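Inside the fold
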Amino acid sequence: MVDKCEYGYIRNQKKINMIWLFVFVLIGIAIFVCGYLLTKTRANIFTVIAVLMVLPAAKRVVALVVMVPRKGVDRDRYEKVSQASGGGILFTDYVFTSSEKIMHLDFLLIKNGNVLGVTASSRQDVDYMKKYLADSVHKAASEFHTKVFDSDEEMLRHLDRLTQVEAEEERTEKVREYLHSLAV
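Conventions we followed
Residues numbered from 1 in each chain as written. Predicted model: local features only at pLDDT ≥ 70, side-chain atom pairs only at ≥ 80, totals over all residues. Heavy atoms only, no water. Core = buried A, V, L, I, M, F, W, Y, C linked by side-chain atoms within 4.5 Å. Buried < 20%, exposed > 50% of the residue type's maximum accessible area, 1.4 Å probe, protein only. Helix = DSSP H or I, 4+ residues; strand = E, 2+ residues; numbered from the N terminus. Contact = heavy atoms within 4.5 Å. Salt bridge = Lys/Arg side-chain N within 4 Å of Asp/Glu carboxyl O. Phe/Tyr/Trp six-rings, centres within 6.5 Å; stacked < 30°, edge-to-face > 60°. 1 Å grid on protein atoms, 1.4 Å probe; cavity = no way out; pocket = protein on both sides within 12 Å on 5 of 7 lines; lining within 4 Å. Points joined across faces, edges and corners; volume = space filled by probe spheres on them. Nonpolar A, V, L, I, M, F, W, Y, C, P; charged D, E, K, R; others polar. Expected span 1.5 Å × (residues − 1). Arc of directions from axis to C-beta.

Focus: the nonpolar core
By size, the foremost hydrophobic cluster in this structure holds 20 residues, and its most contacted members are Tyr94 and Leu179. Of all the secondary structure elements, the ones that give two or more residues to this core are β1 (89–97), β2 (102–111), α5 (126–140) and α7 (169–182). Filtering out sequence-adjacent residues up to four positions away, leucine 179 remains in contact with Phe91, Tyr94, Leu108, Ile110, Val115, Leu133 and Val137. Counting 13 residues, the second-largest nonpolar core is a separate cluster that includes Val81, Phe149, Leu156 and Leu162.

Set out below in structure tokens:
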């Protein structure tokens, strides 16, 4: 199983949610049919239970609505950025939400007191995302700097210019945990 913020997460979540949705629908139908065959009427407890199967199925539908428009990073891009990250904490296929919007970054790198991101090609309000991400990082560690780029190359050029000053490991871990908790 692929954990959130790891390579292949979006693709994996789409598959898992589709399978679970299909399973819940089949279970609901099976319960309804069994109840109908046993009682010869639709008005029975089995129908109620079958209708309740809509609840977990609806949860999977919502997860699919969030993930289907998103595309994961291809292997070549991931390898290139992963090698260039030089020991930083790299999140991939980073989908996160606010109370207003669903946002998606291809990469999110935590290194040397910085949080660097690369926007995904999906349509989204990039200015809102940058502000939301910067505010979120500031809550976890006010001394960290946040910058979001439009392409991998921009981030890699910026990464080459970063100073090699190490941030406190405890603060870096706090930022990592906080950003991981924001991910869907």
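Describing the pattern of salt bridges
Side-chain pairs of opposite charge can arise whenever the charged atoms involved come near each other. The tally for this structure, following the rule as stated, stands at 8 salt bridges. Lysine 80 is the salt-bridge partner of glutamate 153, the closest N and O atoms lying 3.3 Å from each other. One end of the pair, glutamate 153, is in helix α6 (residues 152–161); the other, lysine 80, is in helix α4 (residues 75–84), with 73 residues separating them in the sequence. Under the relative-accessibility criterion, glutamate 153 is labelled partly exposed at 40%. Taking the relative accessible area as the measure of exposure, lysine 80 reaches 43% and is therefore partly exposed. Notably, a salt bridge pairs arginine 171 with glutamate 143, separated by 3.1 Å at the nearest N-O pair. With arginine 171 in helix α7 and glutamate 143 in the loop between α5 and β4 (145–149), this pair connects stretches of sequence that are 28 residues apart. On the basis of relative accessibility, which here comes to 39%, the residue glutamate 143 falls in the partly exposed class. Via salt bridges that share partners, Arg77, Asp106 and Asp152 belong to a single interconnected network.

Things to note about the packing of aromatic side chains
Tallied over the entire structure, the rule returns 7 aromatic pairs. Taking the centre distance of 5.0 Å and the plane angle of 40 degrees together, the rings of tyrosine 94 and phenylalanine 96 count as tilted. Of the two residues, tyrosine 94 and phenylalanine 96, both sit in the buried class. Relative to tyrosine 132, the ring of phenylalanine 96 lies with its centre 6.2 Å away and its plane at 25 degrees, an arrangement referred to as stacked. In this pair, phenylalanine 96 is assigned in strand β1 and tyrosine 132 in helix α5, connecting sequence segments 36 residues apart. What makes phenylalanine 96 buried here is its relative accessible area of 0%. Taken together, Phe91, Tyr94, Phe96, Tyr128 and Tyr132 form an aromatic cluster joined through their ring pairs.

Thoughts on the layout of surface pockets
If a probe as big as a water molecule is rolled over the atoms, it shows which places are left empty. Its boundaries defined by the atoms lining it, the second largest pocket holds a volume of some 170 Å³. Taken together, Met1, Val2, Asp3, Lys4, Tyr9, Gln13, Ile16, Asn17, Lys59, Arg60 and Ala63 make up the lining of the second largest pocket. Those elements that place two or more of their residues in the lining of the second largest pocket are α1 (9–39) and α3 (54–67). Taken together, the residues of the lining of the second largest pocket break down into 5 nonpolar, 2 polar and 4 charged.

Structural notes on α7
With 14 residues, α7 extends 20 Å between its outermost C-alpha atoms, agreeing within 8% with the 20 Å of an ideal straight helix rising 1.5 Å per residue. If you check which residues of α7 are buried, you get Thr172, Val175, Leu179, His180 and Leu182. Here the buried residues of α7 occupy an arc of 155 degrees about the axis, which is enough to place them on one side. Of the exposed residues in α7, the ones pointing more than 90 degrees away from its buried face are Glu169 and Glu170. If you follow the buried residues of α7, they end up packed against β1, β2, β3 (114–119) and α5.

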